[in-house]
Protein chains: 2
Amino acid sequence: MIRLLLADDQELIRTALAALLDLQSDFEVVAAVGRGDEVVAAAKAHEADIALLDIEMPGIDGLAAAAVLAKELPGCRSLILTTFGRPGYLRRALESGASGFVVKDAPAEQLADAIRRVAAGERVVDPALAAATLATGASPLTARERDVLVAARPGATIAEIAEKLFLSEGTVRNYLSSAIAKAGARNRAEAVRTADEQGWL
Amino acid sequence: MIRLLLADDQELIRTALAALLDLQSDFEVVAAVGRGDEVVAAAKAHEADIALLDIEMPGIDGLAAAAVLAKELPGCRSLILTTFGRPGYLRRALESGASGFVVKDAPAEQLADAIRRVAAGERVVDPALAAATLATGASPLTARERDVLVAARPGATIAEIAEKLFLSEGTVRNYLSSAIAKAGARNRAEAVRTADEQGWL
DNA sequence: GGAGGCCTGTGACATTCGTCATGAGTTACC
DNA sequence: GGTAACTCATGACGAATGTCACAGGCCTCC
């Protein structure tokens, strides 16, 4: 019997996944939480074998939760279950110590199979996504370029970004310029968009 | 017995919701599709009573599917089931002829309750969301201002927007300027963002 | 028929943005 | 100790953007 922990911010999805997984005779959903920062405590309390983690959650995100889990509770493996199959997400997931990565538009049998294989100690990754990740390569952005792009995301002006990061406006313009070049964009907005899609942010 | 049609682009969510709803003794999931343009045919073929529609789908979106369904198959009511509780979505859903609107972070009982009430002929809407919609009011944008904002969304330049909409660049600048003013933004990017969040696009 | 609103366009203007050259300070690595 | 990369900054330049005033054509509504 494999003991599962579910973490997803949408209650309906959480409940529905639990209903689906409970149909499998060798699975048992022992806990379901809606926040990333509740994952570790729940995993400890219910002695989960595998944590199914969504990425987008309040508190800390699923990738960070996987990292904490790997450190504090090595007996509980993590399987990232998310909507977006972005290359950068997969990379960060594996760096965070997750044992698997499944996207939400996969068929149910694939999820069940992934859970069983992770429980057996394997690492499970969608082959197509893995190939895309290798092809994309790591982020070419420096730490500060990334910061500036993140701060620019909501549509902030240069002055606002500079104020938020305690930089001069000229410096912000320079970082933005190089980030735009590295993203192959012609705009701040386009650079933010492509960097986001690549998982660089 | 209420016959349900599920439409969601993510297969896992589709399957999981089907598993959840089948637990209710008075529900029967008779069809599940992953594209908006398959909804009507499937509803006809399986004589569904209620269609549960996600908004974001390939083909046509759930709101458009609800409109077609209301026209071609009045016996089948629509219930929008979506991640985002944006005021504009709710407004467009009700204008499209949908009978209900539930967000995906509602508890499962609320969904089941909504389905039963829609089946009984009621209109079902989350009260908090309805209040937000009334408070927000309709979009202040004119049709063209909206078009320009949509075209500007990926980070396009003025020249690209003008080319796409067959307008002069000066005209595009004028529309953008008034749209920015109406959105209370100081940027094109910020205007796109807030308009998107309000459901004006 | 007149008023008002939207669509489309032009021209001008100040501001912001993106690019480039350059330099100093820091850290890391050979 | 030297090289390289990153961080932060300044100044200057052209291009893109946002704002404003204005005008003609087309609707709709009173």
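Small disclaimer: the values here were computed from a predicted structure and weren't measured. Positions within a chain are numbered from 1, following the residues in the order the chain's sequence is written. Here the convention is simple: chains get letters from A, ligands get numbers from 1, in the order in which they are written. Only residues with pLDDT of at least 70 get local features here, since the model is predicted, and only at 80 or more are side-chain atom pairs given and counted; chain-wide, interface and lining totals rely on the full set of residues.

Draft legend 1. Broad picture of the sheet that holds strand S5 (residues 100-103) of chain A. Residues and elements named next belong to chain A. The parallel open sheet is built from six strands, whose spatial order is S2-S1-S3-S4-S5-S6. Taken across any chain shown, the strands that pair with only one partner, and hence form the sheet edges, are strand S2 (27-33) and strand S6 (124-125). Only strands joined by at least two bridges in the DSSP assignment are considered to pair. Going along the chain from the N terminus, every DSSP run of H or I of four or more residues is numbered as a helix, and every run of E of two or more is numbered as a strand. Relative to S6, S5 is paired through two bridges, and the arrangement is parallel. Note on S6: the bridge partner recorded for Gly100 is Val124. Strands strand S1 (2-7) and S2 of the sheet are contacted by helix H1 (residues 11-22), whose axis makes an angle of about 170° with S2. Contact between residues is assigned whenever the C-beta positions, reconstructed from backbone atoms, fall within 7 Å. Orientation is described by axes fitted as lines to C-alpha atoms, over the contacting stretch for helices, and by angles from 0 to 180 degrees between their N-to-C directions. Packing of helix H5 (residues 108-119) onto the sheet brings it into contact with S1, S2, strand S3 (50-53), strand S4 (77-82), S5 and S6, and relative to S5 it is tilted by some 175°.

Draft legend 2. The pairing of S5(A), seen in detail. All names here are of chain A. Across the two faces of S5 the burial is the same, with Gly100 and Val102 and Phe101 and Val103 all buried. Here S4 runs beside S5; their pairing, made up of four bridges, is parallel. Residue Thr82 lies in a different strand from S5, and its bridge partner there is Val103. Considered for its hand, the β-α-β crossover made up of S4, helix H4 (residues 87-95) and S5 is right-handed. Consider the strands pointing away from the viewer: the crossover is right-handed when the path from the first strand over the helix to the second runs clockwise. With H5 bridging S5 and its parallel neighbour S6, the resulting β-α-β unit is left-handed. With C-beta atoms placed from the backbone, a residue is buried if 20 or more other C-beta atoms are within 10 Å of its own, exposed if 12 or fewer are, and partly exposed between those counts.

Draft legend 3. Geometry of the pairing of S4(A). Residue and element names in this part refer to chain A. Counting buried positions over the six residues of S4 gives six, a clear majority of the element. The alternating pattern of S4 places Arg77, Leu79 and Leu81 on one face and Ser78, Ile80 and Thr82 on the opposite face, and all of these are buried. Direction of pairing for S3 relative to S4: parallel, over a ladder of four bridges. The residue bridging Leu52 from the neighbouring strand is Leu79, located in S4. Taken together, S3, helix H3 (residues 62-72) and S4 constitute a β-α-β crossover, and its handedness is right-handed.

Draft legend 4. Local environment of the packing of helix H7 (residues 143-152) of chain A against helix H9 (residues 169-183) of chain A. Residues and elements named next belong to chain A. Interaxial distance between H7 and H9 falls to 9 Å at its minimum, and their mutual angle equals 95°. The orientation of H7 relative to H9 falls into the category roughly perpendicular. In contact with Arg144, Glu145, Val148, Leu149 and Ala152 of H7, H9 contributes Val172, Tyr175, Leu176, Ser178 and Ala179. Side-chain classes are defined by residue name, with Ala, Val, Leu, Ile, Met, Phe, Trp, Tyr, Cys and Pro counting as nonpolar, Asp, Glu, Lys and Arg as charged, and the others, Gly among them, as polar. Of the residues assigned to the contact of H7 with H9, the class counts are seven nonpolar, one polar and two charged. Put simply, angles under 35 degrees are roughly parallel, angles over 145 are roughly antiparallel, angles from 65 to 115 are roughly perpendicular, and the rest are oblique.

Draft legend 5. Layout of helix H9 (residues 169-183) of chain B. All names here are of chain B. Each residue after the first adds 1.5 Å to the expected span of a helix. Between its first and last C-alpha atoms H9 spans 21 Å; for 15 residues at 1.5 Å apiece the expected length is 21 Å, and the two agree. Listed as buried for H9 are Val172, Tyr175, Leu176, Ala179, Ile180 and Ala183. Buried residues of H9, seen end-on, are gathered within an arc of 135° and therefore sit on one face of the element. Against the buried residues of H9 lie helix H7 (143-152), helix H8 (158-165) and helix H10 (188-198). Immediately downstream of H9, the backbone of Gly184 shows phi near 70°, a positive value. It is the directions from the helix axis to the C-beta atoms whose arc is reported.

The values reported here are purely geometric and, on their own, carry no functional implication.
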